[in-house]
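So the chains spell out like this:
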Amino acid sequence: MDIVERLRAAGCVFAEDEAALLTDAATDSDDLERMILSRVAGLPLEQIVGWAEFGGLRILVDPGVFVPRRRTEILANEALTWTRSGSVVLDLCCGTGAVGAVLAARVPGIELYASELDAPAVENARRNLEPIGGSVFAGDLFGALPGSLRGRIDVLVVNAPYVPTAAIALMPPEARDWEPSVALDGGADGLDVHRRVAAEAAGWLAETGILLIETSRLQAPTTAQIFETRGFDTRIVHDDEIDGTAVLVTRGRAADEE
């Protein structure tokens, strides 16, 4: 049975493409066989070959780290409208640091920071962001950041978990079994971390700063309402091509008064 047939038998929809990527990434026949066995066992392809394509870049992806999704490109694409050379940018819940990496590649001269709770992802993000001048902090949301960033962030992009706890069991095995639950589990309705971000964001954003947070199409109105109850103005944005949804958050009067 050839590689394509083995991958197809394991349920890989794009078996031909995956076979080509695995063959290209392997250093020898033994390495290729190891990769094939890993993929047949359900490991995400990106964790096996060590990278994911995101926003036109190759983003390094370590084993066990959340794999950046194409739909998350909506954060980078929308943030580009607001990002200028010299902007202070924070990639919160950064995972591999993919969104921050795209912004740095597209807008030279930004001041880039990122934070992440999952320890393997922190090291992964550092491999992606430190060579391009970014700083990655380990810790829980804003608690990871130095106080010197308070009130200075011009562009805040957030890919916080938003999968309802009960829905994780329904996810594809490669996500459910091989990615950290901290990157997936958003609590009972999926939006617990969104509430925590909304509660603290005003103190970290610059006066004209904006926040973009990924969510789902169904959850977007609730995510928007969470920020609106904190005094922010919101707008839901969606990209049909990549099936990406985010909420754009800007300061309202009440947020300015906090």
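Residues numbered from 1 in each chain as written. Predicted model: local features only at pLDDT ≥ 70, side-chain atom pairs only at ≥ 80, totals over all residues. Heavy atoms only, no water.

So, the overall build of the protein
- The helix and strand tally for the protein stands at eleven helices and nine strands.
- Its C-alpha radius of gyration of 19 Å places the protein within 12% of the 18 Å reference for a compact globule of 258 residues.
- Dimensions of the protein, computed from C-alpha atoms along their principal axes, come out at roughly 65 × 40 × 30 Å.
- Of all 258 residues assigned to the protein, the portion counted as buried reaches 52%.
- When contacts within the protein are restricted to residue pairs at least 6 apart in sequence, those whose partners lie at least 24 apart make up 60%.
- For the protein, the exposed surface amounts to about 11800 Å²; the carbon and sulfur share of it is 52%.
- Placing the 22 positive and 41 negative side-chain charges of the protein at their respective mean positions leaves the two points 3 Å apart. (Helix = DSSP H or I, 4+ residues; strand = E, 2+ residues; numbered from the N terminus. Rg over C-alpha atoms; globule rule 2.2 N^0.38 Å. Buried < 20%, exposed > 50% of the residue type's maximum accessible area, 1.4 Å probe, protein only. Contact = heavy atoms within 4.5 Å. Areas by Shrake-Rupley, 256 points an atom, 1.4 Å probe, with all protein chains shown as cover. Lys, Arg positive; Asp, Glu negative; His and termini not counted. Charge placed at Lys NZ, Arg CZ, Asp CG, Glu CD.)

So, the environment of Ala-98
- Relative to the helices and strands, Ala-98 is located in helix H6 (residues 98-106).
- Measuring from C-alpha to C-alpha, the distance between Ala-98 and Glu-73 comes to 8.8 Å, with 25 residues separating the pair along the chain.
- In contact with Ala-98, not counting residues within four places along its chain, are Phe-54, Ile-59, Pro-68 and Asp-91.

Here's the deal with the environment of Phe-66
- Within the secondary structure, Phe-66 is located in the loop between strand E2 (57-60) and helix H5 (73-79).
- On the accessibility criterion, Phe-66 (15% relative accessible area) is buried.
- In this structure, the C-alpha to C-alpha distance between Phe-66 and Val-157, residues 91 residues apart in sequence, is 17 Å.
- The contact partners of Phe-66, leaving out residues within four places of it in the chain, are Thr-96, Asn-159, Glu-179, Pro-180, Ala-183 and Leu-184.

A word on the side chain of Thr-223
- Secondary-structure assignment places Thr-223 in helix H10 (residues 220-228).
- On the accessibility criterion, Thr-223 (0% relative accessible area) is buried.
- Not counting residues within four places of it along the chain, the set of residues in contact with Thr-223 comprises Leu-191, His-194, Ile-213, Thr-215 and Val-247.

Let's talk about the packing of helix H9 (residues 192-200) against H10
- Between H9 and H10, the shortest axis-to-axis distance is 9 Å and the interhelical angle comes to 30°. When the axes of H9 and H10 are compared, the pair comes out roughly parallel. For the element pair H9 and H10, the recorded crossing hand is right-handed. Contacts from His-194, Arg-195, Val-197 and Ala-198 in H9 reach Thr-223, Ile-226 and Phe-227 in H10.
- By residue class, the composition of the contact of H9 with H10 is four nonpolar, two polar and one charged. (Axes fitted to C-alpha atoms, helices over the stretch in contact; angles between N-to-C directions. Parallel < 35°, antiparallel > 145°, perpendicular 65-115°, else oblique. Left-handed = near helix turned anticlockwise from the far one by under 90°. Nonpolar A, V, L, I, M, F, W, Y, C, P; charged D, E, K, R; others polar.)

Remarks on the nonpolar core
- Grouped together as the largest cluster of nonpolar side chains are 31 residues, with contacts concentrated most on Leu-92, Phe-142, Leu-156, Val-158, Val-197, Leu-211 and Phe-227.
- Listing elements by their share of this core, those giving two or more residues are strand E3 (88-92), strand E6 (153-158), H9, strand E7 (205-215), H10 and strand E9 (244-251).
- Leave out the neighbours within four places in its chain, and Phe-142 touches Leu-90, Leu-92, Leu-156, Val-197, Glu-200, Ala-201 and Trp-204.
- Membership of the second largest hydrophobic core comes to 30 residues, among which are Leu-75, Val-102, Ala-125 and Ala-246. (Core = buried A, V, L, I, M, F, W, Y, C linked by side-chain atoms within 4.5 Å.)

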